[in-house]
Amino acid sequence: MSARTEVVKFNVWPDRTRKRPWFWKVFVFDSRRAMLIFWREQCRIRGTTGAQASEDFSAVTQTWQIITWKGAMPRRGWRAHCIGHILFHRQRLGAGVVAHEMGHATLRWAETWLKIPADDLYEGTGRATSSVNEERVLHVLGGMVAQFWRRFYAQAPKAWHRPPR
């Protein structure tokens, strides 16, 4: 292995059929330190200091503008768009952390694509969202978690398949 920090990268799509043109890029870093260095640099590039969040997280989801089309999506020459990064580090990589971060991405998808008001998703205003939307949101969440684990195990070094000591 090189002295350079290892990172595993892959995409997760909220729509597994890829009919909708956006995805999150997932990064799994070898160490928390490497993840924080990357996160700070991303904050600098985006013009935020990162000071609005403490650095005591195990993973983080950064979402930027989600592009939607009115009417039919263009067929010729369209490109998929990365709409955010989901950062993990190997020392705290587990089912709960992955589901939590995929949950953030899924809620952002539901707010933008399903047009579920943010108050219904985040604030608990007491208004019930329809069971159809609830099932759609949970279906997307399950699909994104499954994509994460399939792609992680396909690309991660074999030594990463067991928890670090």
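Here, every reference points to the structure presented above.
What counts and what doesn't
- Residues numbered from 1 in each chain as written.
- Predicted model: local features only at pLDDT ≥ 70, side-chain atom pairs only at ≥ 80, totals over all residues.
- Heavy atoms only, no water.
- Phe/Tyr/Trp six-rings, centres within 6.5 Å; stacked < 30°, edge-to-face > 60°.
- Buried < 20%, exposed > 50% of the residue type's maximum accessible area, 1.4 Å probe, protein only.
- Core = buried A, V, L, I, M, F, W, Y, C linked by side-chain atoms within 4.5 Å.
- Helix = DSSP H or I, 4+ residues; strand = E, 2+ residues; numbered from the N terminus.
- Contact = heavy atoms within 4.5 Å.

**Regarding the packing of aromatic side chains**
Here comes step 1: On inspection of all chains with the given rule, the structure shows 12 aromatic pairs.
Here comes step 2: An angle of 85° between the planes, with centres 4.9 Å apart, marks the rings of Phe148 and Trp149 as edge-to-face.
Here comes step 3: The exposure class assigned to Phe148 is buried, which follows from its relative accessible area of 0%.
Here comes step 4: Judged by relative accessible area, which is 21%, Trp149 ranks as partly exposed.
Here comes step 5: Where Phe152 meets Tyr153, the ring centres are 5.3 Å apart and the plane angle is 65°; that geometry is what we call edge-to-face.
Here comes step 6: Exposure remark for Phe152: the relative accessible area of 1% places this residue in the buried category.
Here comes step 7: In this structure Tyr153 comes out as partly exposed when scored by relative accessible area, which is 38%.
Here comes step 8: A network of ring pairs unites the aromatic residues Phe10, Phe88, Phe148, Trp149, Phe152 and Tyr153 as a single cluster.

**Regarding the nonpolar core**
Within soluble globular proteins, side chains that are nonpolar tend to cluster in buried spots.
Here comes step 1: Counting 27 residues, the largest nonpolar core has Val26, Val28, Phe88, Met102 and Phe148 as the members making the most contacts within it.
Here comes step 2: Every element with two or more residues in this core is listed here: β1 (7-12), β2 (22-29), β4 (81-89), α2 (95-113) and α4 (131-155).
Here comes step 3: Residues within four places of Met102 in sequence aside, it is in contact with Val12, Val26, Ile86, Phe88, Leu141, Met144, Val145 and Phe148.
Here comes step 4: Listed in part, the 10 residues of the second largest apolar core include Phe29, Met35, Leu36 and Trp39.

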